[in-house]
Structure formats: structure tokens, C-alpha cells
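Each chain is listed here by its residues.
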There are 2 protein chains.
Amino acid sequence: MNLDLIFSAAQEAFLSYKNLSGSKKADFLEKIAEILEENRSAIVMMAVKESNLPEGRINGELGRTTGQIKLFANQLREGSWVEATIDPADPTRTPLPKADIRRMLIPIGPVVVFGASNFPLAFSTAGGDTISALAAGCPVIYKGHPAHPDTSKFVGDCISQAVKKSGLPDGIFTHVEGGVKMGQDLVKHPVAKAVAFTGSYGAGKSLFNIANDRDEPIPVYAEMGSVNPVFTFPQRLANELVPLAQSYVSSLTLGAGQFCTNPGLIFVPKELAGRFENAVAEALQGAAGSPMLHEGIASSYYSAIDNLKTRSELNWVKVPDAQHLINVSPALAEIKAADWIADDLFQQEVFGSFALMVVYENEAQLIEVAKKLHGQLTITIWADSSELKANPELINLLEEKCGRLLFTGVPTGVEVGYAMQHGGPFPSTTSANSTSVGAHAIKRFARPIAFQDMPADLLPDALKDGNPLGITRQVNGKFTVEKI
Amino acid sequence: MNLDLIFSAAQEAFLSYKNLSGSKKADFLEKIAEILEENRSAIVMMAVKESNLPEGRINGELGRTTGQIKLFANQLREGSWVEATIDPADPTRTPLPKADIRRMLIPIGPVVVFGASNFPLAFSTAGGDTISALAAGCPVIYKGHPAHPDTSKFVGDCISQAVKKSGLPDGIFTHVEGGVKMGQDLVKHPVAKAVAFTGSYGAGKSLFNIANDRDEPIPVYAEMGSVNPVFTFPQRLANELVPLAQSYVSSLTLGAGQFCTNPGLIFVPKELAGRFENAVAEALQGAAGSPMLHEGIASSYYSAIDNLKTRSELNWVKVPDAQHLINVSPALAEIKAADWIADDLFQQEVFGSFALMVVYENEAQLIEVAKKLHGQLTITIWADSSELKANPELINLLEEKCGRLLFTGVPTGVEVGYAMQHGGPFPSTTSANSTSVGAHAIKRFARPIAFQDMPADLLPDALKDGNPLGITRQVNGKFTVEKI
């Protein structure tokens, strides 16, 4: 596989694709969704086989995948995402006349996307990263995850069919296979302009370092997961103890705990710790072992737990059942908040259904916890309204540590919509000011350009006086859909 | 100076300042502008003395400084910059009810700002970086540039007065002095969340590397300048040869060439090169030597030119007059496009009034040039309308290489407005998706957060159902100022 040829085709495709209208790009994206749907049964069969995930989940995940394609298509048809900003000329201004300046977002160029192991469809070949890059106007060089090679290649072929049927150049999408070295070579290639990744901290951070060491550094949007703490307060917990415990366990064990938003850390008030722990332990009894994605991931789960077992601060409520090659069972350990605060090790993610229950003495201790907490994708607060009112300082601190703050429900089951934020402060991602889920994800692959005194016939439609796209623009500082 | 104390005060100030309303932040910013105006004569006298820049320029620069403060204050009062995005709940959705998700931008935390030598006011203590960070809701730790220590300190005191008069905590703004080591220590401090810098490639890139090597990497918004190429086409040039030459020389020699947008590179068609060169040389006769900011900068200018003089590809039309310690005169050299293309050295910025005139054979050669060109803050095209129409490929390529594309006028004299983009692909900046001038600069210091099922009384005003701020929001994908 000659990467120079691949990137050169991508760059050439970029120079035409970037100027395609939003509605034509939307047609192309919907063509991808259509071809995926046509091949639903084949794709689902392949993905189930390669991921060990149940058919219901994979069917749902394909729905989510085509759903998010439609979200980006809608966003392209609506068109305002380019943030058109227009400061018209003022030739009469003194002492100097004012030039006409018009700014909008344009795509950045070829993007390297890495497939994730835990979402063989929604975060893989035709997943959110690929589709948001294509939506922005960027060609994608996609490296399939070795855990599901057939699914990856098959879906890649579906995208290539959509490219052809839409009359677009082949270079818009290229499916690449390979291991660590291939991934590094892709990130190092001088034509690459950005990288999107979902996976482990180790792999994500290493790609981030490589990208920054290039002659021309490029942004790496790496979503590296987190422990997604849940903070529980006594009144709310006392009122809903069993349902909250069940809800917590459902989220913890969903997909064998293999979600980026898996709630691996829960803070429980001392006075209710015993009761809540019992309720969780009981709910866990019902959660049989479930198969992880592959042996490597299962083996990492056991190693991480074995490593924690050497720590005397932990009290084990439930250890995993006998170590199966792939089929793993949940685990639960308890620790005092003071001990948790004392060592960053206890913040490390154990990928899988492992819960660390931290028993806190009082609310003052939660402030210490919040200050110490690393960046997270999500934080969940289970408190009743009087408890929320009594803890503004904590909520204020927790905002600083996450990309999404929940007040009911559980962090798994990320909505794909306009308002979703799936990202957060380091180390949960390498780019806290971006999201990898939801409509705003498109902006990762765009950058602003200003045109000064550009002749009217050259202006992109988004910036034309007559506003032919009918988009919301900022004109002289005011948001409007009006013509100029 | 104890940096731990400084950052700890900044962090504490942040936790209250971040929640201040937009209109109160605007009041505070305008208080800064007011105090600067009250001290105009003292500030101007100090800055003129320390920068060698003429009083008219410094007076204008103070106007620009207070003007941009007002721009950010207006933006805060308008309030839509937080990109409020609301996907209301849908409890009736099947198979699962939909949660209420509301997203907005929030400030990132304490920001380290470096003052620039070439703008002792507008890009220094109370300059665009400081003010946009304060506008976003971030405290600023500002390191003054050693070239204008008194001005820096005095303006810093003005800001601190405004902090006091506004009843805000002292930690919102701290003025720090020091050299390279101090700058590095500031960037390394764990409480710092972002860095803003305007200056040389060497210094900016070094801060970028330090920030990425931290345990928690943070973004560095470094604007490192560029050579701001001007592409001239024969018909336009023939029609306006002398005025364009004069316009070019005015821009080249403005402020002794010490602007980030100084047009140090100009492409001229072979058939008109001689005539245009004469016209430029003539205009340069009238441009007397002017004082640079300090001896170090003047000395770098001479060294860079001495270095270029060793290259046989260059034909010198004008060399600097005798080397004065500070007072330097412009220089002009000519090179063939084929030679320019062959060596990246000819793309390096010479900070000062040095112009490299590249003589091209034909338009096909400009395509080669465009492909080879490094990232730039600006690119200017001087072509008549038939020439523009005949060169879509070139314009398409040049878009990829700059943050602002001009069709009339010169790149110096950057407008401070809503639509300005002052930034560009690497190496002109470390962050092509941001601007350091204009209203969008505020977004460098903000990141998104989503609140899921947040109780109504806790929601920030920007996200409340009733839209009490009257801002433009995206609700279910539609932009609107309506209530929900």
C-alpha cells in the first residue's frame, strides 16, 4: 500500500470536493446510509461475529450510524454551521475607508480516522468521525480496527460505492489496514491535516505526540475515555436506593462495560454506603458474565483488577468469577475517600464492568475530590433539589472537570443530536474544545478564512449578499437570515 | 515572584468570575478602556519612548486597543457567542425516552498571555489576547514584553484598577515580568489552561512544544507571522502599475516593516517585472530609514539580509543603507520563480521592510508556487476580473494556504471586527482554526459543556427555556431567538 499515492489522491479529491454544495454533500452522505441499510443483514452478521456483541445491540448501532449520517446531512442542508460572518465595507469611514470582510469555515484537508474496537459501526468505518469529516468537506483515510477487519472492509466498500454512485473522485475515501506502524505512518504523512481517534489513553496520547512532532503539527482529536464518576447524595439516594443501584449496575454492565462513558467510579455517603453496596451487589448477581470484544481486552481487564488487588486500601465486594478467555464478569471494590484522594492510581480507567465505590465522610470531602479529579467525558450528580441548592461550589468545580454533566439517568447511551457534547478536559480527550458525537463534531475539520474585498461573483454562496442558502449569518454583529 | 500563589489566586478568581453575567463582564472591560483613556497621554508618552514608534501611530494604537475592548464588550452584551444549543427532552420517544440536553461554551480557566514587541498596546498588556480571554471569563497571567517594561507595567496597573473598581477579585489579572525562563515556567504551570502568544516562530514553536510536553497538554495560540505573499497579474498590474507599486511600498515600510501582515513576498509576471521593479525602487527612495523597536530586532534584520546575500539566486535591487543601530532602511531583492520554488529558505520571514520579488514565467508556474507555499496569515491577489475568472485553480489552492485572502488593498491594517480572521495554517500560527483578532478570538478560551436534565433553576441564563438574554440559539437544530 503506497501511502503517497493514497494521500495524493485524497488531496486531489479534496480540491474539488471542498467546493461541492452542502446539499450535494448531503446527498452523498445519505447515499452512504442507503447502501448501509441495503446491506444491513450482511453487516450485522459480520459485526456480531467479529465483536461478540449481541445482534440487538449491533442492529441498534447500525441504526445509530445511519441516524448520525442523517443528522450531518440535515446540518449540511440547513447550512448555517459555516458561521458566516460579514462586516460590509464602509467606503465613507474616516480616516480610512473600511474594507468588506467576510468570514466562514472551510474544510481543512485530508483527515486520518482510526476505527474504535468498541463500536464496530458507530465509531468505525462509517462512524461519527468519518462522516463528520466528509460532511465538513474533507477526504478520509480510514484505518480499520484489527478487531473487526471484515466488517470494516465491507462498510468501507459501501462508502466507496456511494462515492462512485455520487460521481465523486475515489480519493474521497480510502480504507487502509494495518497495525501500530501503519497508524503512525498515516499520522506522519505530510498531506494529513487532522486525526480522529477513539480508544485507549496510551494509543491516543502516542498519536497526539507524533502529530505534534511533525514538521507541520496537526490537531489530534483523540477521545480516550474516562471513569465517568457518579456523585450520590444522601437524600436522593435514600429515597431511590434500589432503583438507583439497579440503574447504576445496568449502565456499568452494558456492553460488558466497554463504553467510553461507562460509570466506573461512584461516590457514596458513608451513612448509606452499606445499604447501597448491598443493593449494587444484589443487582450484580443478576448480571452474568458477558463476552468482551476480544481476548486482549478481557486479559487487560483481569490484569488491571489484579493490579488493584495488590492495594490494601481496597475492600473487594465482588471479584470477577473464574477468568474466562473472553467472557468476563463484573467486579466491585470499595475505598475510603481519603485513600482515593491520596493516589492518582485510583483514577485510572479499568476498561470493563469494574466499579470503584468511594465512601465519603461529608460534603467537604467531595470538594477535595472534585479538585483532585482528572478530566472526564461525563460526571453524573444524583441529588435532590435541596442537595443541589446546598452544593453550588461542588457543581461549579465539577463543571470544570467534564464535557457533560448529568442530573438524572446514567452516562451511557450518548444521544446523537445537535446539543450533545462528547469530549472533555484532558486526559479524557486531547482537545476539550471539541466533540466527537453530535452536530458540532463537524467543526473539528474546518477552519475559518476571511475574504477581503472579494468580487461578488467569486464569493461562496454562504457569503453572497443575497444569502441564497437562507442561512443564519452574523452581519455587522447581528444574527440574521436577511439579505444584506 | 511565587507562581504558585499567582496561579492559585487566578484559579480562585476564576471560579467566581466564570459565572459573572455577560453584561457585568462587559462593564468591567469598558472600565479598563475608560481608565486607559484617562491615562492616554502618560501611556502614549511611555510607549513612544520604549518602542521608537511615532506618536501618531501609538495614539492610533491606543484607539485600536480601546476599540477592541468595546467590540468584546458589545459581543458579551449581545451574548450569542456561547453557541447555546438545546435539544429538549422527548419523554414519549420510543424505545427510549429522550433526555433534555443543552450545550454552551464556558471559559477554560487561567490563561497565560505573552506581550508582543511590535504592538506595545494592541497586542500587549490590554491587547486582544488579554481582553478576549477576560471576555471569555478567564483570568489572565500576563508576561510583559521586555522591550517596553514601563508601558506594560503601567497598563497592567490600569487593568488592576479596573478589577478593583469593578469589585472583582485581584487574581483576575496579574502582571508578571521576566525573560525566557519565566515564560517557560508560566506555560509549565499546572493551573494554566491555555497560552496566547504573538511573536517569532522560534519562540512560539518552543512554547507550543513545552505546552504539549506537560502532563496535561494545553492549547497554545501562537501567531508567529508570515511573509504574506502578493500575487500580481499582468493586466491589473499594467493598468495600475505605479499606484500598486506605491501601495505595496507603503505597506512594506509601514512601522519599519514590523507587522505580522507585512507583505515580504511579491510575485510579478516576467513581462512587467522590470517596470514594476523600477516603480517599487522609486517609491522606496522616498521611504527613509525608520527606527525599529529595539537594537536586537534591527540586528536580526541585518543578519537575515546578510544571510540572503550569500545566495547567488538573488539579484539585489536595493540593499539597506549603512547599518544603523536601530534606524534601518528597506531592502529589495529579485529572484526567479524556479529558484524560489527550489529552496524553502526563500520562504523565511525577514522581520522588517525587506521585499523579495519573485519573477514568474507564466500562470502554470504560480500553481507550482501555490503548492509549495507555506501557511500564511494573508495572501493578496492583484488581478482584474478576467484574470480572476481565468485562474480558479490558483485561487482554490491559495485558500488552502492562508487565513485571509485579499483582492484589493494591502494586508497591513488589520480591521478589528466580527468577521476578521487573523490566523492561518502552520507555520503562521500553531492553531489554524482560531483567530487572534476580531470577535471570534474569544472562542480560543472557551470549551463546550452539555448539561443533561439539569433542573431549570440551575440552568445558566443562556440555556433557560425563557431565553432571558434574548440570544440566538439553536433549538432542535433551528436557529432562533424564541423561547422554548
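Residues numbered from 1 in each chain as written. Chains lettered and ligands numbered in written order. Predicted model: local features only at pLDDT ≥ 70, side-chain atom pairs only at ≥ 80, totals over all residues. Heavy atoms only, no water.

1. Things to note about the overall build of chain A
Filter applied, for reference: Only DSSP runs of H or I reaching four residues or more are called helices, and only runs of E reaching two or more are called strands; each is numbered from the N terminus. For the radius of gyration, the atom set is restricted to C-alpha positions; the globular benchmark scales as 2.2 Å times the number of residues to the power 0.38. Exposure categories follow from relative accessible area, calculated using a 1.4 Å probe and restricted to protein chains: below 20% of the type maximum is buried, above 50% is exposed, and the middle band is partly exposed. Throughout, a contact is declared for two residues whenever any of their heavy atoms are within 4.5 Å. This count recognises Lys and Arg as positive and Asp and Glu as negative, with His and chain-terminal groups excluded. A charge is said to be at NZ when it belongs to Lys, at CZ for Arg, at CG for Asp and at CD for Glu.
The secondary structure content of chain A amounts to 16 helices and 19 strands. Over its C-alpha atoms chain A spans a radius of gyration of 24 Å, differing by no more than 12% from the 23 Å that the globule rule assigns to 484 residues. The dimensions of chain A, computed from C-alpha atoms along their principal axes, are 75 × 55 × 40 Å. The burial tally for chain A puts 61% of its 484 residues in the buried class. The long-range fraction of contacts in chain A, counting pairs at least 24 apart against all pairs at least 6 apart in sequence, stands at 74%. Averaging the coordinates of the 42 positive side-chain charges in chain A and doing the same for the 52 negative ones gives two points 5 Å apart.

2. Points about the sheet that holds strand S14 (residues 354-360) of chain A
Hydrogen bonding along the main chain pairs the strands of a sheet, whether they run parallel or antiparallel. As a reminder, the rule being used: DSSP bridges decide pairing: two strands pair if at least two such bridges lie between them. Lines are fitted to the C-alpha atoms to define the axes, a helix being fitted only along its stretch in contact, and any angle between axes, read from their N-to-C directions, falls within 0 to 180 degrees.
Strand order across the open sheet formed by twelve strands is S11(A)-S13(A)-S14(A)-S9(A)-S8(A)-S15(A)-S16(A)-S17(B)-S2(B)-S1(B)-S18(B)-S19(B), with mixed pairing between neighbours. Among the strands making up the open sheet, the edge pair consists of strand S11 (315-318) of chain A together with strand S19 (478-480) of chain B. Between one strand axis and the next, the sheet turns through 25 degrees on average, direction left out of account. Two elements, strand S8 (residues 230-232) of chain A and strand S15 (residues 376-382) of chain A, share three bridges in a ladder whose sense is parallel. What sits directly across from Val-230 of chain A, in S15 of chain A, is Thr-380 of chain A.

3. Remarks on the sheet that holds strand S1 (residues 85-87) of chain A
With respect to topology, twelve strands assemble into an open sheet ordered S19(A)-S18(A)-S1(A)-S2(A)-S17(A)-S16(B)-S15(B)-S8(B)-S9(B)-S14(B)-S13(B)-S11(B), the strand pairing being mixed. In this open sheet, the two strands that pair with only one neighbour each are strand S19 (478-480) of chain A together with strand S11 (315-318) of chain B. When strand polarity is set aside, the average angle formed by the axes of neighbouring strands in this sheet is 25 degrees. The pairing of strand S2 (residues 101-107) of chain A with strand S17 (residues 446-452) of chain A spans seven bridges and is classified as antiparallel.

4. A closer look at helix H2 (residues 22-38) of chain B
All names here are of chain B. The condition is simple: For a helix, the expected span equals 1.5 Å multiplied by the number of residues minus one.
For H2, with 17 residues, the first-to-last C-alpha span of 24 Å sits near the 24 Å given by 1.5 Å per residue. Within H2, burial applies to Lys-25, Ala-26, Phe-28, Leu-29, Ile-32, Ala-33, Ile-35 and Leu-36. Contact partners of the buried residues in H2: helix H1 (3-17), helix H3 (40-51), helix H4 (55-78), helix H5 (128-136) and helix H6 (149-165).

5. Overview of the packing of aromatic side chains
We describe a pair of aromatic rings using the distance from one ring centre to the other and the angle between the two ring planes. Quick reminder of the rule: Only Phe, Tyr and Trp rings take part, Trp by its six-membered ring, and two of them pair if their centres are within 6.5 Å. Stacked means planes under 30 degrees apart, edge-to-face means over 60, and tilted covers everything else.
Applying the stated criterion across every chain, the model contains 22 aromatic pairs over all chains. Aromatic side chains Tyr-221 of chain A and Phe-445 of chain A sit 5.9 Å apart centroid to centroid with 85 degrees between the ring planes, which places their arrangement in the edge-to-face category. Placement of the pair is Tyr-221 of chain A in strand S7 (residues 220-223) and Phe-445 of chain A in the loop between strand S16 (402-406) and S17, with a sequence separation of 224 residues. For the residue pair Tyr-221 of chain A and Phe-445 of chain A, the accessibility class agrees, reading buried in each case. Plain terms: the ring middles of Tyr-142 of chain B and Phe-173 of chain B are 6.4 Å apart, the flat faces sit at 20 degrees to each other, and that makes the pair stacked. Linking Tyr-142 of chain B in strand S4 (residues 140-143) with Phe-173 of chain B in strand S5 (residues 173-176), this pair joins segments that are 31 residues apart in sequence. Looking at Tyr-142 of chain B, the relative accessible area reads 0%, which means it is buried. Through a chain of ring-to-ring contacts, three or more aromatic side chains come together here, namely Phe-119, Phe-123 and Phe-259 of chain A.

6. Some details on the relation of the copies chain B and chain A
There are two copies of the chain, and a rotation about an axis plus a shift along that axis relates them. Put simply, the test is: To line up the copies, we fit them by least squares on C-alpha atoms, keeping just the residues with pLDDT of at least 70 in both.
Of the two same-sequence chains, chain B is brought onto chain A (RMSD 0.0 Å, axial shift 0.0 Å) by a rotation of 180 degrees. Within this description, the copies of the chain are treated as partners about a two-fold rotation axis. Proximity to the rotation axis, assessed at the C-alpha, singles out Asn-212 of chain B in chain B; its C-alpha lies 3.8 Å from the axis. By residue overlap, the copies meet face to face through one surface: 100% of the interface positions of chain B are interface positions in chain A.

7. Quick word on the UniProt feature "domain: Aldehyde dehydrogenase" (unreviewed entry) in chain A
To keep it simple, the criterion reads: UniProt positions are given in the numbering used here, feature names are shortened, and annotations may be inferred rather than shown by experiment.
UniProt tags residues 4-287 of chain A as "domain: Aldehyde dehydrogenase" (unreviewed entry). The distance separating the terminal C-alpha atoms of residues 4-287 of chain A is 49 Å; by composition the span is 53% helix and 14% strand.

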